[in-house]
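Below are the chains, spelled out letter by letter.
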Amino acid sequence: MSVYVVSDIHGLKDRYDFMLKELNLSEEDSLYILGDVIDRGKDGIAILQDIMKHKNMHMIIGNHEYMMLKYYRNLESNSCDLYDKLVADDLWNQNHNQYTKLAFEKLSHKKQQEILSFIEALPVAYTHINVNGEIYYLVHGCPHDDLEKEIIYRENCSGRLTVESYVWNRIGFGANYFDDRCVIVGHTLTLFFQNQQPYEVWFNGEDIMKSNVINIDCGCAANNKYTRLGVIRLDDRKVFYF
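Numbers given for residues are sequential positions, taken from 1 along each chain in its written order. In keeping with the model being predicted, local features are shown solely for residues with a pLDDT of at least 70 and side-chain atom pairs are shown and tallied solely at 80 or more, while totals for entire chains, interfaces and linings include all residues. Heavy atoms from the whole structure form the basis of all side-chain values; hydrogens and water molecules are not counted.

(A) Spatial organisation of the pairing of strand S7 (residues 182-185). Burial classes follow relative accessibility: with a 1.4 Å probe on protein chains only, a residue under 20% of its type's maximum area counts as buried, one over 50% as exposed, and anything between as partly exposed. A run of DSSP states H or I qualifies as a helix once it reaches four residues; a run of E qualifies as a strand once it reaches two. Both are numbered from the N-terminal end. By the alternation rule, side chains of S7 split into Cys182 and Ile184 and Val183 and Val185, which are all buried. Inspection of the sheet shows strand S5 (residues 134-139) paired to S7 by three bridges, in the parallel sense. Residue pairing in the sheet places Tyr136 in a bridge with Cys182 of S7. When DSSP locates at least two bridges between a pair of strands, those strands are taken to pair. As defined by bridge partners, S7 adjoins strand S9 (residues 213-215) across three bridges and the pair is classed as parallel. From the neighbouring strand, Val183 faces S9, where its bridge partner is Val213.

Structure, rendered in structure tokens:
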């Protein structure tokens, strides 16, 4: 049984399909997806629908899924202020949602609601993934010192620990959060931490095996030839690129 983590696929189904083919996951293997499956690329909705079919795929909500959810739930709400609807629409539009919105709105109402309900139920973080005695904290954007629950959902968020802080906040260059677990994130391109071409997974130590913060967002859908889809296998911290 192996445990893999990927993030920020951003609608590039060719890379997603190639990743699945090469990893050749068994039913005993697990794939954790740290959000931002949708937007930028053309096939985010198709990827979401495929993830929904697999019991061994565990997705975390990213800021792009969160924007989508807010936009459509605001549209449905009779109590939502018009200004809030316009703000949600504008924010999502600014973040390359055209392909996602087009594909989603071609679906039947039933399938649309299935997708929105799936996104609504996604956790914002896994704080305690144990792989061979090593503990991992998985989150899209930025972790918090919220270790009481092993899985954090939207309804668990309050005070300073808002959903927005998990999906929108970014780790810093000197990031160092916990002594007893390793944080795996996406959201922020590794290009901001190192000048590697093509982009590479970034970690905060000299050795990935001894690092306690790892960023796997290798700019999958960024508009240049150096982008890659980065995957890490937690069993041995081996990195794969697609």
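(B) Highlighting the packing of aromatic side chains. Working definition: a ring pair exists when centres of Phe, Tyr or Trp rings (six-membered ring for Trp) sit within 6.5 Å. Plane angles under 30 degrees give stacked, over 60 give edge-to-face, the rest tilted. Throughout the structure, instances matching the rule amount to 11 aromatic pairs. Note on Tyr71 and Tyr72: the rings are 4.8 Å apart at their centroids and 75° apart in plane angle, and the pair reads as edge-to-face. A relative accessible area of 7% places Tyr72 in the buried class. Summarising the aromatic geometry, the rings of Phe173 and Phe193 are spaced 6.2 Å apart at their centres and angled 20° between planes, so their arrangement reads as stacked.

(C) Looking closely at helix H2 (residues 44-52). By the burial criterion, the buried members of H2 are Gly44, Ile45, Ile47, Leu48, Asp50 and Ile51. Contacts were defined at the residue level, with two residues in contact if any of their heavy atoms lie within 4.5 Å. Summarising the contacts, the buried residues of H2 are in contact with helix H1 (13-23), strand S2 (30-33), strand S3 (57-59), helix H3 (63-76), helix H5 (98-104) and helix H6 (109-120).

(D) The arrangement of the sheet that holds S7 in detail. Reading across from one edge, S6-S4-S5-S7-S9-S8 is the order of the six strands in this open sheet, with mixed pairing throughout. Two strands in the sheet have a free side with no partner beyond their single neighbour: strand S6 (151-153) and strand S8 (202-203). Pairing geometry for strand S4 (residues 123-131) and S5, over five bridges, is antiparallel. Across the sheet, residue Ile129 finds its bridge partner in S5, namely Tyr136.

(E) Inspection of the side chain of Arg237 at higher detail. Mapping Arg237 onto the fold places it in the loop between strand S10 (230-233) and strand S11 (238-241). By relative accessible area, which is 6% here, Arg237 ends up buried. With near-sequence residues (within four places) excluded, Arg237 lies in contact with Glu134, Tyr136, Cys182, Ile208, Met209, Lys210, Ser211, Ile214 and Ile232.

(F) Spatial organisation of the side chain of Arg73. Within the secondary structure, Arg73 sits in helix H3. Polar contacts, as counted here, are pairs of nitrogen or oxygen atoms within 3.5 Å of one another; within protein the pair requires one atom able to donate a hydrogen and one able to accept it, and residues that are adjacent in sequence qualify only if both atoms are side-chain atoms. Among the polar contacts made by the side chain of Arg73, one reaches the side chain of Glu120 at a distance of 2.9 Å.

(G) Highlighting the pairing of S10. Burial along S10 is two-sided: Gly230 and Ile232 and Val231 and Arg233, pointing in opposite directions, are all buried. Examined bridge by bridge, strand S1 (residues 3-6) and S10 share three bridges and lie antiparallel to one another. Bridged to Val6 within S10 is Val231. Summarising the sheet, S10 and S11 pair through four bridges and their orientation is antiparallel. Looking across to S11, one finds that Arg233 is bridged to Lys238. Following S10, the chain reverses through four residues before pairing antiparallel with S11; Arg237 in that reversal takes a positive phi of roughly 60°.

(H) Spotlight on the packing of H3 against H6. Their axes nearest at 10 Å, the elements H3 and H6 cross at an angle of 125°. Our classification of the angle between H3 and H6 gives oblique. In this structure, H3 meets H6 at a crossing whose hand is left-handed. When H3 is examined against H6, the residues Glu65, Met68, Leu69, Tyr72, Arg73 and Glu76 are found in contact with a partner set consisting of Gln113, Ile115, Leu116, Ser117, Ile119 and Glu120. Residues are grouped as follows: nonpolar covers Ala, Val, Leu, Ile, Met, Phe, Trp, Tyr, Cys and Pro; charged covers Asp, Glu, Lys and Arg; every other residue, Gly included, is treated as polar. When the residues that make up the contact of H3 with H6 are grouped by side-chain class, the tally is six nonpolar, two polar and four charged. For helices, the fitted axis covers only the stretch in contact; all axes are lines through C-alpha atoms, and the angles between them, taken along N-to-C directions, range from 0 to 180 degrees. Any angle between 65 and 115 degrees counts as roughly perpendicular, while under 35 counts as roughly parallel, over 145 as roughly antiparallel, and the rest as oblique. The handedness criterion is simple: a crossing whose near helix is rotated anticlockwise from the far helix by less than a right angle is left-handed, and one whose near helix is rotated clockwise is right-handed.

(I) How the structure looks around the sheet that holds S3. Strand order in the open sheet formed by five strands is S3-S2-S1-S10-S11, and the pairing between neighbours is mixed. Both edges of this open sheet fall to S3 and S11, since each of them pairs with a single strand only. In this sheet, adjacent strand axes meet at a mean angle of 20° when their direction is disregarded. Direction of pairing for S2 relative to S3: parallel, over a ladder of three bridges.

(J) Representation of the nonpolar core within the structure. Counting 52 residues, the largest nonpolar core has Met19, Ile33, Val37, Met68 and Tyr166 as the members making the most contacts within it. Sorting elements by how many residues they give to this core places H3 first, with six residues. When near neighbours in sequence (up to four residues on either side) are disregarded, Met19 contacts Val6, Leu31, Leu229, Val231 and Phe242. Counting 20 residues, the second-largest nonpolar core is a separate cluster that includes Val5, Ile60, Tyr126 and Tyr199. Put simply, a nonpolar core is a bunch of buried Ala, Val, Leu, Ile, Met, Phe, Trp, Tyr and Cys residues held in one set by side-chain atoms that sit within 4.5 Å of each other.

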